[in-house]
Amino acid sequence: MKTFDRNYYRQTENPYKTKLAVITKIHQETSETKTYTFKFAGEKHPFDFSPGQFNMISLLGIGEGPFSISSAPTQKDSFDHTIRVVGDLTKAIGELEVGHAVGIRGPYGVGWPIDSARGKDLLIIAGGVGLAPLRGLINLIVEQHHNFGKVEVMYGSRKPDNLIFTDEYDTWRQTPGMRLFLTVDEVPKGVKWPYGEGIVTNLFDQSEIDPANALAFVCGPEIMMRFVARSLIIRGFSEESIFVSLERRMECGMAKCGRCMIGPKYVCTDGPVFSYPEVKALPHNLLAASF
Ligand SMILES: Cc1cc2nc3c(=O)[nH]c(=O)nc-3n(C[C@H](O)[C@H](O)[C@H](O)COP(=O)(O)OP(=O)(O)OC[C@H]3O[C@@H](n4cnc5c(N)ncnc54)[C@H](O)[C@@H]3O)c2cc1C
Ligand code: FES
């Protein structure tokens, strides 16, 4: 008779085990959002991930949650997360200082299909903190721009002071082949704003990208992604050329708890980046709602 091996759990690496990562830098992006640079404590080898993937970040006694890695994978000895305060965990992270440590598990999930984008034009569309999972990709393209065609970044936010990564816009604008377009829902009285006003799809008329040889990567609130996908298809993008990143409540991050499931798909391991036809086939999500 087969008996339970008491050493089993000692021999098998616990997949929930976290690695300690120390905050080496904090950059205040907006009143509610900061970018944290982390280094693994005592780790020598590089942290390999793909833009669009996420880590589970935990704080002892508070909780754990999924957060996209917001740096480029070429930044080898450290990695960034850009975190907006919305509840208990993010508030507690927001109170950390340089030198404090968090627990990290990851990287998890499927990122942006970068290999399919090489040699093509790329339309990158983001809303609010949805620019975080795309920043690593944009900064990778800045370094490797000769591998890509035209790249247009279209970013929408509520107000001018809600924009994140503003320090990097000049570098993006100066990158050969890359253009940046900004828009906000509302410009407060007295604020100078030389860019667009209104929803992000209003920027599409300025695009010089030929949908026949382009991919579109989209991240933001689901309702925004739905309208963006619809406008892209009207402009001639095929459904297969559109990719979106979905946000769902997560607990394990590795297809064990079922918390993130939409129909048969695990957002944590099948996504968070999905092609538009994959998402359209799923039940109960705003993107799948009929046009
Ligand atoms: C793959 C993935 C990547 C993410 N990347 C980032 C990131 O780069 N930066 C960032 O700031 N946040 C990101 N998030 C969201 C982040 O995980 C949540 O904001 C965080 O876990 C909230 O924890 P909390 O305890 O502070 O708030 P809670 O008290 O848990 O929630 C506060 C409010 O936020 C809403 N909320 C919480 N989690 C989610 C979620 N996963 N999806 C939709 N609504 C949610 C709740 O409904 C509630 O209204 C990501 C989520 C996913 C699934
Ligand atoms: S978060 Fe547990 S199955 Fe996806």
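Residues numbered from 1 in each chain as written. Chains lettered and ligands numbered in written order. Predicted model: local features only at pLDDT ≥ 70, side-chain atom pairs only at ≥ 80, totals over all residues.

1. A short note on the domain arrangement of the protein chain
Reasoning step 1: As far as domains go, the protein chain holds domain 1 (11-108) and domain 2 (114-288).
Reasoning step 2: For domain 1 and domain 2, the distance between their C-alpha centroids amounts to 22 Å.
Reasoning step 3: With 21 residues of domain 1 at the contact, the number on the domain 2 side is 21 residues.
Reasoning step 4: A total of 3 residues in the side of domain 1 that touches domain 2 trace back to one element, the largest contributor, which is strand β6 (residues 101-108).
Reasoning step 5: Of the residues that constitute the side of domain 1 that touches domain 2, the class distribution is 9 nonpolar, 9 polar and 3 charged. (Domains from an automatic or database assignment. Contact = placed C-beta atoms within 7 Å. Helix = DSSP H or I, 4+ residues; strand = E, 2+ residues; numbered from the N terminus. Nonpolar A, V, L, I, M, F, W, Y, C, P; charged D, E, K, R; others polar.)

2. Observations regarding the nonpolar core
Reasoning step 1: With 74 residues, the main nonpolar core has Ile124, Ala216, Val218 and Val244 as its most contacted residues.
Reasoning step 2: Split by domain, the residues of this core number at least three in each of domain 1 (11-108) and domain 2 (114-288). (Core = buried A, V, L, I, M, F, W, Y, C linked by C-beta atoms within 7 Å. Buried ≥ 20, exposed ≤ 12 C-beta atoms within 10 Å, placed from the backbone.)

3. Topic: the site of ligand 1
Reasoning step 1: Near ligand 1 you find 21 residues, and of these Gly65, Ser68, Gly87, Leu89 and Thr90 are the closest.
Reasoning step 2: Those elements that provide at least two residues to the shell around ligand 1 are β4 (63-68), β5 (79-84) and α2 (88-94).
Reasoning step 3: Looking at which domains feed residues into the shell around ligand 1, each of domain 1 (11-108) and domain 2 (114-288) gives three or more. (Near = placed C-beta within 6 Å.)

4. Some remarks on unusual backbone geometry
Reasoning step 1: Between Gly106 and the following residue, Pro107, the backbone shows a cis peptide bond with an omega angle of 5°.
Reasoning step 2: Counting through the fold element by element, Pro107 comes out in strand β6.
Reasoning step 3: For the peptide bond that leads from Gly271 to Pro272, omega is 10°, which places it in the cis range.
Reasoning step 4: Structurally, Pro272 can be placed in the loop between α7 (267-270) and β15 (273-275).
Reasoning step 5: The phi dihedral of Phe165 is positive, around 65°, even though this residue is not glycine.
Reasoning step 6: Following the sequence through the fold, Phe165 ends up in the loop between β8 (151-157) and α5 (169-174).
Reasoning step 7: For Ala255, which is not a glycine, the phi torsion comes out positive at approximately 60°.
Reasoning step 8: Tracing the backbone shows Ala255 in the loop between β12 (242-245) and β13 (261-262).

5. A few points about the pairing of strand β11 (residues 214-219)
Reasoning step 1: Extensive coverage of β11 is indicated by the burial of 6 of its 6 residues.
Reasoning step 2: The two faces of β11 match: Ala214, Ala216 and Val218 on one face and Leu215, Phe217 and Cys219 on the other face are all buried.
Reasoning step 3: As defined by bridge partners, strand β7 (residues 121-127) adjoins β11 across 6 bridges and the pair is classed as parallel. Opposite Ile124, over in β11, you have Phe217 as the bridge partner.
Reasoning step 4: By the bridge criterion, 3 bridges tie β11 to β12 in an arrangement that is parallel. From the neighbouring strand, Ala216 faces β12, where its bridge partner is Ile242.
Reasoning step 5: Where the polypeptide runs from β11 across helix α6 (residues 222-234) and back to β12, its parallel neighbour, the crossover connection is right-handed. (Pairing = 2+ DSSP bridges. Right-handed = clockwise from strand over helix to strand, strands pointing away.)

6. Quick notes on the sheet that holds β8
Reasoning step 1: With mixed pairing, 7 strands are arranged side by side in an open sheet as β10-β9-β8-β7-β11-β12-β15. Edge positions in the sheet fall to β10 (196-197) and β15, since each of these pairs with one other strand and no more.

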